[in-house]
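What the coordinates show
Take a look at the letters that make up each chain.
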Amino acid sequence: MTLLAPALANEATIAITQGDSAGIGPEIIAKAFRDAPDDLRGCFVVGEVATLRRAAQCIERPGQPSLPVALISTPAEALTAPPRCIPVLQLDGIAAAQPFGCISAEAGQAAAQCVVWAAQAALRGEIAGLVTAPLHKEALHAAGVDYPGHTELLQAQAAAWRGVTLAEMPVRMMLASEELRTVLVSIHMSLRAALEAVTFDNVLQTLLITDAALRRSLGRAPRIAVAGLNPHAGEGGLFGREELEVIAPAIAQARLQGLDVTDPLAPDTVFMRARHTAAKPGEFDVVLAMYHDQGLIPVKYLGVDKGVNVTLGLPLVRTSPDHGTAFDIAGQGVADASSLVEAVRMARKLAF
């Protein structure tokens, strides 16, 4: 067997952040290492060893050996870990596991600490990318972390690393499955604020970020469908003028830059037209949605276990499962790890 040099070995690894210890993050990580060992080769967990050992106990099956958890000190050690063993790189000063289903500042701080470490390691080129297990936004807030979620926290880390402002490090959320991809103009904000975020600059910037990201992964220009903001995409101005005065001009500018983009389409049918199935390929590669729920509901309806959250625009690879902390079932060992496994697979595709 050929061994990788230390620097190359580090670059071949993927970090999985443990997420909020009071939620299902640690146990779906444990399930993924147990049930999908081939997909998890070269992966390691950034977090706290005892938290992952508790998670391994949650998913134990009668008559089967317990899942071992190994403490590692460098990412490269994950490459030599045996199958169905969870390598954990423990961070200094990280809080212990918190009670299941409880919002706490300790869990929020620990989750953020893991994300920051993994982001900085990826930016330095020490790992190939990161997969983030779910964190809880109220726990983050309780910990004094001034970002509403992973996307904004990673954006801040990348901007600081590049020495630029947040405005100079624009990012977008893409939710993707085998059947449908959607990218959002705005992410975590009130609906009223999201409507105000539908501007010429934001729509154009989202189109450009989407095109650049998917050109790399598809090897060609993506076919981008644009969902209108209003019912029936405004019906020629009868139900709102944003399509005519804001969205269409941004599309025209994007076309001048070589993008393959549709006119604004009715948002109640565009996602069905873009859906890819074995029986009927989708008409488009991705749908540009104007706000969070408009884009995420269709993908999640098709199956939360299949969706993957990808952050576009960052100088690093980051994916995440398409669900939250599920406090109501945490610790019961019943959470589905499928979306996490899909997130790892997606991270590999994007990184290698």
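All figures in this text were calculated on a predicted structure; none of them were measured in a lab.

Turning next to the overall build of the chain. For the chain, the count of helices and strands is 12 helices and 12 strands. At 21 Å, the chain has a C-alpha radius of gyration in line with the 20 Å of a compact globule built from 352 residues. When the 352 residues of the chain are sorted by exposure, 52% land in the buried category. Contacts in the chain between residues far apart in sequence, at least 24 positions, make up 72% of those at least 6 positions apart.

Membership of the largest hydrophobic core comes to 61 residues, with the highest contact counts inside it found for Ile16, Ile86, Leu207, Leu288 and Met290. In terms of residue count, helix H8 (residues 200-218) provides more of this core than any other element does, 6 residues in total. Here Met290 is in contact with Val185, Ser186, Val198, Val203, Val226, Ala227, Gly228, Leu229 and Ile247, once residues within four sequence places are set aside. In terms of nonpolar packing, the next biggest core, distinct from the first, is built from 31 residues, Ala15, Phe44, Val46 and Leu130 among them.

Phi is positive for Arg84, which is not a glycine, with a value near 60 degrees. Here Arg84 lies in the loop between strand S3 (69-72) and strand S4 (86-90). Note on Arg84: relative accessible area 45%, which makes it partly exposed. In this structure, Ala326 is a non-glycine residue whose phi angle is positive, near 50 degrees.

Quick look at the environment of Lys137 now. You can see Lys137 is positioned in helix H5 (residues 137-142). Considering only alpha carbons, one finds Lys137 and Ile251, 114 residues apart in sequence, at a separation of 34 Å. Residues within four places of Lys137 in sequence aside, it is in contact with Pro148, Gly149 and His188.

Attention shifts here to empty space enclosed by the protein. All told, the structure shown has 2 cavities of 30 Å³ or more when counted by the stated rule. A volume near 80 Å³ is recorded for the largest cavity. Lining the largest cavity are 13 residues, with Phe33, Leu40, Arg41, Pro82 and Cys85 positioned closest to its centre. In terms of residue class, the lining of the largest cavity is made up of 10 nonpolar, 1 polar and 2 charged. Of the voids in this model, the second largest cavity is the one considered here, and its volume is about 40 Å³. Around the second largest cavity, the lining residues are Ser21, Gly23, Pro26, Glu27, Thr51, Arg54, Ala55, Cys58 and Phe100. For the lining of the second largest cavity, the secondary-structure elements that each account for two or more residues are helix H2 (25-35) and helix H3 (49-58). The element best represented in the lining of the second largest cavity is H3, accounting for 4 residues. Taken together, the residues of the lining of the second largest cavity break down into 4 nonpolar, 3 polar and 2 charged.

Further remarks concern helix H6 (residues 150-162). Here H6 contains 13 residues, and its C-alpha end-to-end distance of 18 Å stays within 8% of the 18 Å for a straight helix at 1.5 Å per residue. Where burial is concerned, most of H6 is hidden: 10 out of the 13 residues are buried. Residues His150, Thr151, Glu152, Leu153, Leu154, Gln155, Ala156, Gln157, Ala158 and Ala159 constitute the buried set of H6. Those residues of H6 hidden inside the fold are in contact with helix H4 (105-123), strand S5 (129-132), strand S6 (172-176), strand S11 (308-312) and strand S12 (318-321).

The subject of this paragraph is the layout of surface pockets. Computed from the structure, the largest pocket encloses a volume of approximately 770 Å³. Along its surface, the largest pocket is lined by 36 residues, and Met174, Arg181, Leu214, Ser217 and Met346 are the ones closest to its centre. The set of elements that each furnish at least two residues to the lining of the largest pocket consists of S6, H8, strand S10 (286-289), S11 and helix H12 (338-351). Broken down by class, the residue content of the lining of the largest pocket amounts to 19 nonpolar, 6 polar and 11 charged.

Definitions and cut-offs
- Residues numbered from 1 in each chain as written.
- Predicted model: local features only at pLDDT ≥ 70, side-chain atom pairs only at ≥ 80, totals over all residues.
- Heavy atoms only, no water.
- Helix = DSSP H or I, 4+ residues; strand = E, 2+ residues; numbered from the N terminus.
- Rg over C-alpha atoms; globule rule 2.2 N^0.38 Å.
- Buried < 20%, exposed > 50% of the residue type's maximum accessible area, 1.4 Å probe, protein only.
- Contact = heavy atoms within 4.5 Å.
- Core = buried A, V, L, I, M, F, W, Y, C linked by side-chain atoms within 4.5 Å.
- 1 Å grid on protein atoms, 1.4 Å probe; cavity = no way out; pocket = protein on both sides within 12 Å on 5 of 7 lines; lining within 4 Å.
- Points joined across faces, edges and corners; volume = space filled by probe spheres on them.
- Nonpolar A, V, L, I, M, F, W, Y, C, P; charged D, E, K, R; others polar.
- Expected span 1.5 Å × (residues − 1).

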